[in-house]
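Notes for the structure review
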Amino acid sequence: SNPSYVQHDKVYEGSLRSGIGSLQLSLNKLWEAKIELEMAVSLLSDGVDGEYDTYGENGEIIDYPIKLELANALLNLAYVLLGLRQWRSSFEAFEEAMDLYASELAEGGSPMDY
C-alpha cells in the first residue's frame, strides 16, 4: 500500500476518534473518552507535521494543520484525565497541547481562526 494513503488514513481515523472522544467527554463518559482520545493522540502524532484539507464555515477548502488537531485531542484528554483525578497525566497532556498551540498559532491567534 502507498505510504501517503496509510498516513492519510491514520490522520483521518485520529480525527474521527478525537471527535468521538470529545463527544463522550461532553456526555461525561470519561473512561470511554479516555480510550478514544488516547488512540486519537497516538494516530495524529504519526502525521503531526502535515496538513489536511477540511471545509471552512463558508464551504471553502482550507489546509488545517495536524498539530492543531493533535492539540485539540490533547486538551480534551487533559480534561478527561482531570475528571478521572489523574492529575499528573492531565497536566502533561495540557502542557503538550499548549506547546503545540504556541508553535502553530501566530501571536494572539486562536484555533478558532481556522
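All figures in this text were calculated on a predicted structure; none of them were measured in a lab. The residue numbers shown here count from 1 along each chain, following its written sequence. Totals for whole chains, interfaces and linings use all residues, but because this is a predicted model, local features are given only for residues with pLDDT of at least 70 and pairs of side-chain atoms are given and counted only at 80 or more. Excluding hydrogens and water, the side-chain values take into account all heavy atoms of the structure.

Counting from the N terminus, the helices are the DSSP runs of H or I reaching at least four residues and the strands are the DSSP runs of E reaching at least two. Note on placement: Ser90 falls in helix 4 (residues 87–104). Only protein chains enter the area calculation, which uses a 1.4 Å probe; residues under 20% of their type maximum are buried, those over 50% are exposed, and those in between are partly exposed. Residue Ser90 is classed as buried on the basis of its relative accessible area of 6%. Separated by 11 residues in sequence, Ser90 and Tyr79 place their C-alpha atoms 6.8 Å apart.

Glancing now at the packing of helix 2 (residues 30–46) against helix 3 (residues 66–83). Angles here are taken between N-to-C directions and fall from 0 to 180 degrees, while the axes themselves are lines fitted to C-alpha atoms, restricted in helices to the stretch in contact. Between helix 2 and helix 3, whose axes approach to 9 Å, the crossing angle comes to 155°. It follows that helix 2 is roughly antiparallel to helix 3 by the angle criterion. In terms of crossing hand, the pair formed by helix 2 and helix 3 is left-handed. Every residue of helix 3 that contacts helix 2 at Leu30, Ala33, Lys34, Leu37, Glu38, Ala40, Val41, Leu44 and Ser45 is listed here: Ile66, Glu69, Leu70, Ala73, Leu74, Asn76, Leu77, Val80, Leu81 and Gly83. Split by residue class, the contact of helix 2 with helix 3 holds 13 nonpolar, 3 polar and 3 charged. For classification, angles of less than 35 degrees are called roughly parallel, those exceeding 145 degrees roughly antiparallel, those between 65 and 115 degrees roughly perpendicular, and all remaining angles oblique. Each helix crossing is assigned a hand: it is left-handed if the near helix lies turned anticlockwise from the far helix by less than a right angle, otherwise right-handed if that turn is clockwise. We call two residues contacting when some pair of their heavy atoms lies within 4.5 Å. Gly counts as polar in this scheme, as do all residues outside two lists: the nonpolar Ala, Val, Leu, Ile, Met, Phe, Trp, Tyr, Cys and Pro, and the charged Asp, Glu, Lys and Arg.

When their charged atoms lie close together, side chains carrying opposite charge are able to pair. Salt bridge, as used here, is a side-chain nitrogen of Lys or Arg placed within 4 Å of a carboxyl oxygen of Asp or Glu. Taken as a whole and assessed by the stated rule, the structure comprises 4 salt bridges. With a shortest N-O distance of 2.8 Å, Glu13 and Arg17 are connected by a salt bridge. Taken together, the residues span about one helical turn, with Glu13 and Arg17 both in helix 1 (residues 3–26) at a distance of 4 residues. Its salt-bridge partner being Lys34, residue Glu38 comes within 3.0 Å of it at the nearest N-O pair.

Let us now look at the nonpolar core. Ranked by internal contacts, the top residues of the largest apolar core, which has 27 residues, are Leu70, Leu74, Val80 and Tyr101. At the level of secondary structure, the elements contributing two or more residues to this core comprise helix 1, helix 2, helix 3 and helix 4. The biggest single contributor to this core is helix 3, with 11 residues. The residues touching Tyr101, leaving out its near neighbours within four places in the chain, are Leu68, Ala71, Asn72, Leu75 and Pro111. What is meant by a nonpolar core is a set of buried Ala, Val, Leu, Ile, Met, Phe, Trp, Tyr and Cys residues, joined one to another through side-chain atoms within 4.5 Å.

Residues with no salt bridge and a relative accessible area higher than 30% make up the patches, which join like charges within 9 Å and nonpolar side chains (Val, Leu, Ile, Met, Phe, Trp, Tyr) within 5 Å. Surface exposure here means Shrake-Rupley accessible area, sampled with a 1.4 Å probe, where a residue is shielded only by the protein chains that are shown. A cluster of nonpolar side chains, contributed by Tyr12, Leu16 and Ile20, occupies part of the molecular surface with about 300 Å² of accessible area. On the secondary structure map, Ile20 appears in helix 1. Assessed through its relative accessible area of 41%, Ile20 is described here as partly exposed.

Our focus in this paragraph is helix 3. Each helix should span, by expectation, one fewer than its residue count multiplied by 1.5 Å. Over its 18 residues, helix 3 runs 26 Å from end to end, which matches the ideal 26 Å to within 8%, given 1.5 Å per residue. Most of helix 3 sits out of view: 13 of its 18 residues are buried.

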